Amino acid sequence: MMQRTVLPTAVAEGYITRYSLDMLDKIFSITVETLRAGVAAQYEIAFLGLTRFALTDNAHASWERLELTEVTIDHGPESSNDEEWEVRLNFWDVAELDIHCRTILVDGVALL
């Protein structure tokens, strides 16, 4: 079980090796691989019940890899008017994905 305060640090500067957007079921899922002090880790993160999914990209070229530079959790469900998670994923410090969703799962367990 992962706490919301741990997630941004755990996945920062990791690489997204898999991503999937299911527009019918409103699910965005990613696999993030990290390497810290010689220790590799992998996280499966799913954003369920998407209500907002917006990419702002200031890069003018394609990327070979997707670095997840930073994760910011702006609001949890308890402090949001819509009872949603409000999260921003930053890629290479030049693009940002703004996500609003009902639930976040990390390795199959709800984020607290």
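Please read these numbers as outputs of a predicted model, since none were measured by experiment.

Conventions adopted
Residues numbered from 1 in each chain as written. Predicted model: local features only at pLDDT ≥ 70, side-chain atom pairs only at ≥ 80, totals over all residues. Heavy atoms only, no water. Phe/Tyr/Trp six-rings, centres within 6.5 Å; stacked < 30°, edge-to-face > 60°. Helix = DSSP H or I, 4+ residues; strand = E, 2+ residues; numbered from the N terminus. Buried < 20%, exposed > 50% of the residue type's maximum accessible area, 1.4 Å probe, protein only. Core = buried A, V, L, I, M, F, W, Y, C linked by side-chain atoms within 4.5 Å. Contact = heavy atoms within 4.5 Å.

A. Spotlight on the packing of aromatic side chains. This structure, assessed with the given rule, holds four aromatic pairs. Ring geometry for Phe28 against Phe53: centres 4.9 Å apart, planes inclined by 65°, an arrangement best described as edge-to-face. Of this pair, Phe28 sits in strand E2 (residues 27–36) while Phe53 sits in strand E4 (residues 52–57), and the two are 25 residues apart along the sequence. For Phe28, a relative accessible area of 6% translates into the label buried.

B. Layout of the nonpolar core. Counting 26 residues, the largest nonpolar core has Ile45, Phe47, Leu89 and Ile104 as its most contacted members. Within the residue set of this core, elements represented by two or more residues are helix H1 (7–11), E2, strand E3 (39–48), strand E5 (66–75), strand E6 (85–91), strand E7 (95–101) and strand E8 (103–106). Aside from chain neighbours lying at most four places away, what touches Ile104 is Ile45, Ala46, Phe47, Trp85, Val87, Val109, Ala110 and Leu111.

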